[in-house]
Amino acid sequence: MSGVALAALIRERQPCVVLTGAGVSTESGIPDFRSATGIWAEVDPYQVASIQAFRRDPERVWTFYRERIHVLRDARPNAAHEALAELERRGLVEAVVTQNIDMLHSRAGSQDVVEVHGSFRSAEGLACLWTEPADEVLAQLEVSPTPSCSQCGDVLKPGVVLFGELLPAAAMERATQLARGARLVLVVGSSLEVWPVAGLPLEAPAFAIVNRGPTALDDRALLKVDAGAGETLSAALEAL
Ligand SMILES: [Zn+2]
């Protein structure tokens, strides 16, 4: 039933912009960093994934992320990613704004993806602002504990937003403009706890939420579906 209700909302309230979080990728076997059983319950992010840690000890940060990159490369898009890509192909989703760094939306075929927390598609030089593509970074990581910049030789920083860093301004600006121009923001798999991204639904006149468990904005949503992203979006797609 909830799939049918969601389908009706998507059809009626165009344009629709999607905002996704970790819950969209858990069915691909990628753990939610912030959950009780997630990675941050075991390791302190400020020791391995903060900008301070990177400046102090880049090797430790890269050791952590090298393992993450391998997990992400083995992961595959799931039914939720596929459904969102299909909705975009049908002209029913304008763009996907994602907090995820796993690139699974792009791999599922979504064309317009705004990665507000960065991704592993590249690494960057902090001083020279050079962007090194992932293939080059991964090749270097095979033979060296840290990758270095092909332009200036400095150690490269992972392309993901580290703790203590600001979100990429251009991506956040685009995400905000998309939300303001939408008649529906569809939140999928995010508990809307991480600001400023959690405020994006409030930029639109209306929003709907598909998430297992409560979110900070449940009582203001047009529709809340407390269920898995894959099953709910597949049902909505079928009803459209
Ligand atoms: Zn450089």
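Residues numbered from 1 in each chain as written. Predicted model: local features only at pLDDT ≥ 70, side-chain atom pairs only at ≥ 80, totals over all residues. Heavy atoms only, no water.

(A) Quick peek at the nonpolar core. Formed by 28 residues in total, the largest nonpolar core has its most connected members in Trp-40, Ala-49, Trp-62, Phe-64, Tyr-65 and Phe-120. Every element with two or more residues in this core is listed here: helix H3 (51-56), helix H4 (58-74), strand S4 (118-124) and helix H7 (134-143). If you tally residues by element for this core, the top one is H4, at 6 residues. Membership of the second largest hydrophobic core comes to 26 residues, among which are Ile-10, Leu-84, Ala-208 and Ala-229. (Core = buried A, V, L, I, M, F, W, Y, C linked by side-chain atoms within 4.5 Å. Buried < 20%, exposed > 50% of the residue type's maximum accessible area, 1.4 Å probe, protein only. Helix = DSSP H or I, 4+ residues; strand = E, 2+ residues; numbered from the N terminus.)

(B) View of unusual backbone geometry. The omega angle of the peptide bond from Gln-14 to Pro-15 is 0°, so this bond is cis rather than trans. With respect to the secondary-structure elements, Pro-15 resides in the loop between helix H1 (2-12) and strand S1 (16-20). Backbone torsion omega between Trp-195 and Pro-196 reads 5°, so that peptide bond is classified as cis. As for its placement among the helices and strands, Pro-196 is situated in the loop between strand S7 (184-188) and strand S8 (207-210). For Met-103, which is not glycine, the phi torsion reads 65° and is therefore positive. Tracing the backbone through its elements, the reader meets Met-103 in the loop between strand S2 (95-98) and helix H6 (104-108). Phi is positive for Leu-192, which is not a glycine, with a value near 55°. Here Leu-192 lies in the loop between S7 and S8.

(C) Quick look at the coordination of the zinc ion. The zinc ion binds to the protein through Cys-128 (SG), Cys-149 (SG) and Cys-152 (SG); the donor distances cover 2.1 to 2.2 Å. Along the chain, the residues that donate to the zinc ion are spaced as C-x20-C-x2-C. For Cys-149, a relative accessible area of 5% puts it in the buried group. (Donors = N, O, S within 2.8 Å, 3.2 Å for Na, K, Ca; no water.)

(D) Region of the structure containing the pairing of S1. Counting buried residues along S1, 5 of its 5 residues qualify, which places the element largely inside the surrounding structure. As defined by bridge partners, S1 adjoins S2 across 4 bridges and the pair is classed as parallel. Looking at the pairing, Val-18 lines up with Val-96 of S2. (Pairing = 2+ DSSP bridges.)

(E) Structural context of the sheet that holds strand S9 (residues 223-225). One open sheet holds the 6 strands; their spatial order is S3-S2-S1-S7-S8-S9, and the pairing between them is parallel. Strands with a single pairing partner mark the edges of an open sheet, and in this sheet they are strand S3 (113-115) and S9. Adjacent strand axes in the sheet meet at a mean angle of 15° when their direction is disregarded. The strands touched by H1 within the sheet are S7, S8 and S9, with S9 carrying the most contacts at an inclination of about 140°. (Axes fitted to C-alpha atoms, helices over the stretch in contact; angles between N-to-C directions. Contact = heavy atoms within 4.5 Å.)

(F) The arrangement of helix H9 (residues 229-239) in detail. Those residues of H9 lying buried are Ala-229, Gly-230, Thr-232, Leu-233, Ala-236 and Leu-237. Tucked into the core, H9 has its buried residues touching H1, helix H5 (79-89), S7, S8 and S9.

(G) Local environment of H1. Those residues of H1 not exposed but buried are Gly-3, Leu-6, Ala-7, Leu-9 and Ile-10. Buried positions in H1, seen along its axis, are confined to an arc of 165° and lie on one side of it. As for H1, its buried residues are in contact with H5, S7, S8, S9 and H9. (Arc of directions from axis to C-beta.)

(H) Summary view of the packing of H4 against H7. The interhelical angle for the contact between H4 and H7, taken along N-to-C directions, is 120°, at an axis separation of 12 Å. In terms of orientation, H4 and H7 fall into the oblique class. In this structure, H4 crosses over H7, and the sense of that crossing is left-handed. For the pair formed by H4 and H7, the contact residues are Trp-62, Arg-66, Ile-69, His-70 and Arg-73 on the first element and Val-137, Leu-138, Leu-141 and Glu-142 on the second. Of the residues in the contact of H4 with H7, the class split is 5 nonpolar, 1 polar and 3 charged. (Parallel < 35°, antiparallel > 145°, perpendicular 65-115°, else oblique. Left-handed = near helix turned anticlockwise from the far one by under 90°. Nonpolar A, V, L, I, M, F, W, Y, C, P; charged D, E, K, R; others polar.)

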